[in-house]
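Fold and contact review
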Amino acid sequence: MRFSVGKTGYDQRQVDSCLDELGIRLSRLAARVEGAAGATREWDEIRQEVAWLNGLLQRLALDDAETTRRAGDAVRQEAAEILAQARFELDEAREEARRVREQAYADAVQARRDFEAALYARRRREALVDEVLAGVTVEPVPADTPTAAAGVPASRVAAGGRDAEPPTGRTTR
């Protein structure tokens, strides 16, 4: 992070913009973590459906025991395959969620370190400015003293004396 340095430290708009950007990035990471957690709910539904299918098989009362056994074996095999696939995908989703959480934490820690370093540097510059300004002495100026801001003293212009000069761009006749 690089910030422009002004007279009293870092440009406040740049620091605020940087913090806003970090907040957005952290929000996006949090949304990814929540999305990974949503996958867990889908696998729970799949497990419930497999359990229901198993219960259905147990309740079936087919006349032909051999047909029932074959159908049951095929359904159990399919249910086992679905369950194995669901477990595999659930493990992958959990691993992805773990990685996203770790990355979000690492990003948050880095953002905090960067912010603290910027704040420390700003405070050091502020202390340096205070130190420099503490050494400056200011003497009061009397109220009747003409200054550059006051322009030409009225006495010279009104008098029309030799010192008075015409405005630029005009000639006198």
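Data block above holds the structure.
Structural notes, computed from the coordinates.

How each quantity is defined
- Residues numbered from 1 in each chain as written.
- Predicted model: local features only at pLDDT ≥ 70, side-chain atom pairs only at ≥ 80, totals over all residues.
- Heavy atoms only, no water.
- Helix = DSSP H or I, 4+ residues; strand = E, 2+ residues; numbered from the N terminus.
- Buried < 20%, exposed > 50% of the residue type's maximum accessible area, 1.4 Å probe, protein only.
- Contact = heavy atoms within 4.5 Å.
- Areas by Shrake-Rupley, 256 points an atom, 1.4 Å probe, with all protein chains shown as cover.
- Salt bridge = Lys/Arg side-chain N within 4 Å of Asp/Glu carboxyl O.

**Some points on the overall build of the protein**
What the protein contains, in helices and strands, is three helices and zero strands. Starting at the N terminus and ending at the C terminus, the protein contains elements arranged as α-α-α. Buried positions account for 14% of the 173 residues belonging to the protein. Counting contacts in the protein only where the partners sit at least 6 residues apart, residues at least 24 apart contribute 68% of the total. Carbon and sulfur atoms provide 53% of the accessible area of the protein, an area that totals close to 14,300 Å².

**Re the pattern of salt bridges**
Enumeration according to the criterion identifies six salt bridges in this entry. The salt bridge involving E95 is made with R98; its shortest N-O contact spans 2.1 Å. On the criterion of helical spacing, the pair formed by E95 and R98 is a turn pair, its members being three residues apart in helix 2 (residues 65-134). On the basis of relative accessible area, E95 is assigned to the partly exposed category, the value being 30%. For the salt bridge of R98 with E102, the shortest nitrogen-to-oxygen distance reads 2.6 Å. With a gap of four residues between them, R98 and E102 both fall in helix 2, about one helical turn apart.

**With respect to the environment of L22**
Assignment of secondary structure puts L22 in helix 1 (residues 12-59). Taking the C-alpha atoms as reference points, L22 and R112, separated by 90 residues in sequence, lie 9.5 Å from one another.

The analysis is restricted to geometry; functional conclusions fall outside its scope.
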